[in-house]
Amino acid sequence: MSDLFSKNYFEIFNLPASFDVDINLLTSVYRNLQKEVHPDRFVSSGERQSRMAVQMASLINQAFDTLKSPVSRAHYLLKLAGMDIDHEQDTSMDMSFLMEQIELREQIESVRSHSDPLSEVDRLLKQVKEQMKTVMQSFAAAYQQKSFDNAHELSRKMQFLNKNIQELDDVAVAIEDELLD
Amino acid sequence: MALLQIAEPGQSTAPHQHRLAVGIDLGTTNSLVATVRSGQASTLADDQDRSILPSVVRYTADKEVVVGHQAQDQAITDPHNTIVSVKRLMGRAVQDLKTLSQHLPYQFVADDSSVPRIKTVAGDFSAVEVSAEILKTLKVRAEKSLGGDLVGAVITVPAYFDDAQRQATKDAARLAGLNVLRLLNEPTAAAVAYGLDSGEEGVVAIYDLGGGTFDVSILRLNKGVFEVLSTGGDSALGGDDFDLAIAEWIMTEAGITELTSSLNRQIISAACSAKESLTELDTVTISLDLDSGKRQLELTKLKFNKLVDSLITKTLTSCRRALRDAGIEKQDIKNIVMVGGSTRVPAVRERVAEFFNTEPLVNIDPDKVVAIGASLQADILAGNNQDGDLLLLDVIPLSLGIETMGGLSEKIIHRNTPIPVTRAQDFTTYKDGQTALAVHVVQGERELVSDCRSLARFELRGIPPMVAGAARIRVTYQVDADGLLSVSSREETSGVEASVVVKPSYGLSDNEIEGMLRDSMDHAEYDMEARKLREEQVEADRVIEAIDAALIADGERLLSAEERQQIDKSRSRLTEVRKAGKAEDIKQAVNELEKTCESYIARRMNQSIHDAMAGHKIDEYISDK
């Protein structure tokens, strides 16, 4: 029996440290862990016990949050592999990807002038999500082969693409709001 | 005759004794209290069999405080001293009220405190004090009908309440002498009432339109676990706004340009009853008693629907955002539960049904469902229902950030992050020898700090002097299960705990609350010392009981003989001190016992995690898919 605070996020959920995570399994273990440590279980057990419950439940929440999303999971895996990605200097990115990004940004910015802006958003979203899928597969493979520099670059691409998706969602909501008003 | 059972000294006489706990829905328009008796949750009524307590408080010249129906009856004749919809003022600052107060008949007093006070004939009162009167009334009602002291209460708040509004609610409970077991989000409470009742599994949306607030939550229900996926809403949008929309129409139609407080109340009250009538009728006649004589107006349902259309659209925009935050499509929503009196408005039901493409559920009384859900959780938190398989996993409704250069907010904890949550952030100094650092915490989604709610400003002091950039100050933000923020900090290179002085931007300081408690107790000749002593004794009993239960369960397995001896020593010291009856000593002995047990407690929790993982059966995984 080891201390919860000495485990990494994958160990907390008893999962192998890999990019491929069974989300149903992760969620199921998450719920069972919270059943044990959630502060609601310790409302009248004294201040120290409550504090410990808050700390443990927070850690489990943070671990769950990190592993649930592919982007933060990839980031965390690289940290586990010993890469100092929080203070990264190397932000190089292949030229063709950057060109694609510039083009995509222009397309996102001009969505509103499109004749059918909402279906244009849908088209771009589909395109970005496809690309994300490919990059994620490459990341999983690179990480497994311990090609961490390569994996690192792929994780940065995932961050870019994730941002694109968020921006497109925001645009969609803004357009929907205008159409409703 | 059965033999009397006598417990060993110091042990709890009845381990399964039912503890009296209640759920309270502290609403904008109405408040309710509910409890679980013999496994059944129900609301508690007053001596005239009324469950609903109007959230109205009237202060009279002879310093009497009248709460509920009787106060409501005086709202038109005595508008300045009769406080309605006080929930809208909770956690609000003087400057926030400028936009609200055009519609409010009260006079506000702005003094040195950051909290505005309402001027009445009986004195000036803050929203917290007014709310405390409502809570006191419900507490008295509950204790009378249950026949004993309450161990605690779960009090509901709108999911969209920010930190200041939550803190204000907790302060009101403290002032009313209630032990708050948990602040629970209203939609989550409704989901509990609904989900436990029906054994429903899957994703549900809770649409909660109350008198003054709107909330929407998306939850996943799974084997007694209620996991909030996202929440959204507007803490200043509700049925009151429907009334205002009608009131404005009335004023235009009747050509009213000058408003006295009393006329304002008359119009709003007429608007409110017109709204209620239009639930059943297609046309309603509004009668006004004006200085120029009597006046009658016709309002059709069609016109009313037009008046409130943009308000309903606002709620649906929040719904859409909540769905997006949850990563859920409309068609994944299995059911929509309607909560709050304002969901009786047919146009609301129609548009919600149209939006989700599903008929919403209205089978639990929308006025009672929140209080019922809160009472179910109170029952479990009080320890009455040990086998109850209920766990609520909630989220923080609004992002927390800190002010950075240029007045921008840098998000530290994003909205819809599961709580409790802890985040740490490192700062450094920018000048040689700098020993202090100021941090401004805000809540909200906007980029500019000026568009967010200011929660607190604090200063870190006592940083050891170093060259610029050498210090590493780690600030830890923690949001607990009530959704309340606390901050701590530490200089990492020296290990110095920099002191954090949090000044809530809008809220009562501890001193102010202590003062209010003292004032309110003066009449009752209440002794602060006696109260403190009783609180400490209750706490001591609680800790002893918890430790005893733990020791029986696994003391043998997890403790060495020496450790056990230490614990027994601290425990008997506490029972001795408890008898001697000095609050300070008890507090210290409790602390001592808890400290002695700390590693044992940690071991127990790690053990239970270990057991839970080992007991994780394969079939559970499969059934979840």
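Everything numeric here is computed off the predicted structure, so don't read it as measured data.

For this particular structure, what's the right way to read the overall build of chain A?
The helix and strand tally for chain A stands at seven helices and zero strands. Scanning chain A from its N terminus toward the C terminus, one meets helices and strands in the order α-α-α-α-α-α-α. For 181 residues, the compact-globule formula gives about 16 Å, and the C-alpha radius of gyration of chain A, at 20 Å, lies well above that figure. For chain A, the C-alpha atoms occupy an extent of roughly 60 × 50 × 30 Å along the three principal directions. Buried positions account for 35% of the 181 residues belonging to chain A.

What is the right way to look at the nonpolar core in this model?
Side chains of a nonpolar character, in soluble globular proteins, are inclined to be buried together. With 199 residues, the main nonpolar core has I60 of chain A together with A21, I24, L135, A153, A190 and I206 of chain B as its most contacted residues. In terms of residues, this core owes the most to one element, helix α3 (residues 47–68) of chain A, which gives 10 residues. Excluding residues that lie within four positions of it along the chain, I206 of chain B makes contacts with P187, A190, A191, V216, S217, L219, V337 and V339 of chain B.

Sorry if this is basic, but what is going on with the packing of helix α13 (residues 561–580) of chain B against helix α14 (residues 583–614) of chain B here?
In helix packing, the relevant descriptors are the interaxial angle and the interaxial distance, both defined with respect to the helix axes. Residue and element names in this part refer to chain B. Following both chains from N to C, one finds α13 and α14 inclined at 165°, their axes separated by 9 Å at the closest point. Relative to α14, the element α13 is oriented roughly antiparallel. Along this stretch, α13 crosses α14, giving a crossing that reads as left-handed. From α13, E563, Q566, I567, S570, R571, R573, L574, V577, R578 and A580 reach across to α14, where they touch D585, I586, A589, V590, E592, L593, T596, C597 and Y600. By residue class, the composition of the contact of α13 with α14 is 10 nonpolar, three polar and six charged.

Can you help me understand the interface of chain A and chain B in this one?
Interface size is often expressed as the accessible area that is lost when the parts come together. If you look at the interface, chain A gives 39 residues, while chain B gives 42 residues. Secondary-structure elements contributing two or more residues to the side of chain A that touches chain B are α2 (23–37), α3 and α7 (148–180) of chain A. The element that contributes the greatest number of residues to the side of chain A that touches chain B is α3 of chain A, accounting for 12 residues. By residue class, the composition of the side of chain A that touches chain B is 14 nonpolar, 14 polar and 11 charged.

So what exactly am I meant to see when it comes to the environment of D215 of chain B here?
Residues and elements named next belong to chain B. Positionally, D215 belongs in strand β14 (residues 214–222). Note: C-alpha distance between D215 and G238 (23 residues apart in sequence) is 9.6 Å. In this structure, D215 is in contact with P158, A159, Y160, E186, P187, D208, T231 and G233, ignoring residues within four places of it in sequence.

Is there a simple way to think about unusual backbone geometry in this case?
One can expect most non-glycine residues to show negative phi and most peptide bonds to be in trans. Residue and element names in this part refer to chain B. In this chain, I419 is followed by P420 through a cis amide linkage whose omega measures 0°. Mapping P420 onto the fold places it in the loop between β21 (408–413) and β22 (421–427). With a phi angle near 45°, S38 is a residue other than glycine that sits in the positive phi range. By the secondary structure assignment, S38 is in the loop between β2 (30–37) and β3 (40–43). Residue S38 is classed as exposed on the basis of its C-beta count, with 5 C-beta atoms lying within 10 Å. Even without glycine at this site, K63 takes up a positive phi of about 65°. Here K63 lies in the loop between β5 (56–59) and β6 (65–67).

I keep staring at the domain arrangement of chain B and nothing clicks. Help me out?
All names here are of chain B. Each assigned domain of chain B is listed here: domain 1 (21–196 + 365–386), domain 2 (239–306), domain 3 (400–508) and domain 4 (527–614). Counting residues at the interface gives nine residues for domain 1 and nine residues for domain 2. A breakdown of the residues in the side of domain 1 that touches domain 2 according to their chemical character gives four nonpolar, five polar and no charged.

I keep staring at the sheet that holds β5 of chain B and nothing clicks. Help me out?
Two pairing modes exist for strands in a sheet, parallel and antiparallel, and in both the strands are linked by backbone hydrogen bonds. All names here are of chain B. In space, the three strands of this open sheet follow the order β6-β5-β7, with antiparallel pairing throughout. The open sheet has two edge strands, β6 and β7 (82–84), and neither has a second partner. Between one strand axis and the next, the sheet turns through 20° on average, direction left out of account. Across three bridges, the pairing between β5 and β6 is antiparallel. Of the residues in β6, the one forming a bridge with Y59 is V65.

Rules and cut-offs
- Residues numbered from 1 in each chain as written.
- Chains lettered and ligands numbered in written order.
- Predicted model: local features only at pLDDT ≥ 70, side-chain atom pairs only at ≥ 80, totals over all residues.
- Helix = DSSP H or I, 4+ residues; strand = E, 2+ residues; numbered from the N terminus.
- Rg over C-alpha atoms; globule rule 2.2 N^0.38 Å.
- Buried ≥ 20, exposed ≤ 12 C-beta atoms within 10 Å, placed from the backbone.
- Core = buried A, V, L, I, M, F, W, Y, C linked by C-beta atoms within 7 Å.
- Contact = placed C-beta atoms within 7 Å.
- Axes fitted to C-alpha atoms, helices over the stretch in contact; angles between N-to-C directions.
- Parallel < 35°, antiparallel > 145°, perpendicular 65-115°, else oblique.
- Left-handed = near helix turned anticlockwise from the far one by under 90°.
- Nonpolar A, V, L, I, M, F, W, Y, C, P; charged D, E, K, R; others polar.
- Domains from an automatic or database assignment.
- Pairing = 2+ DSSP bridges.

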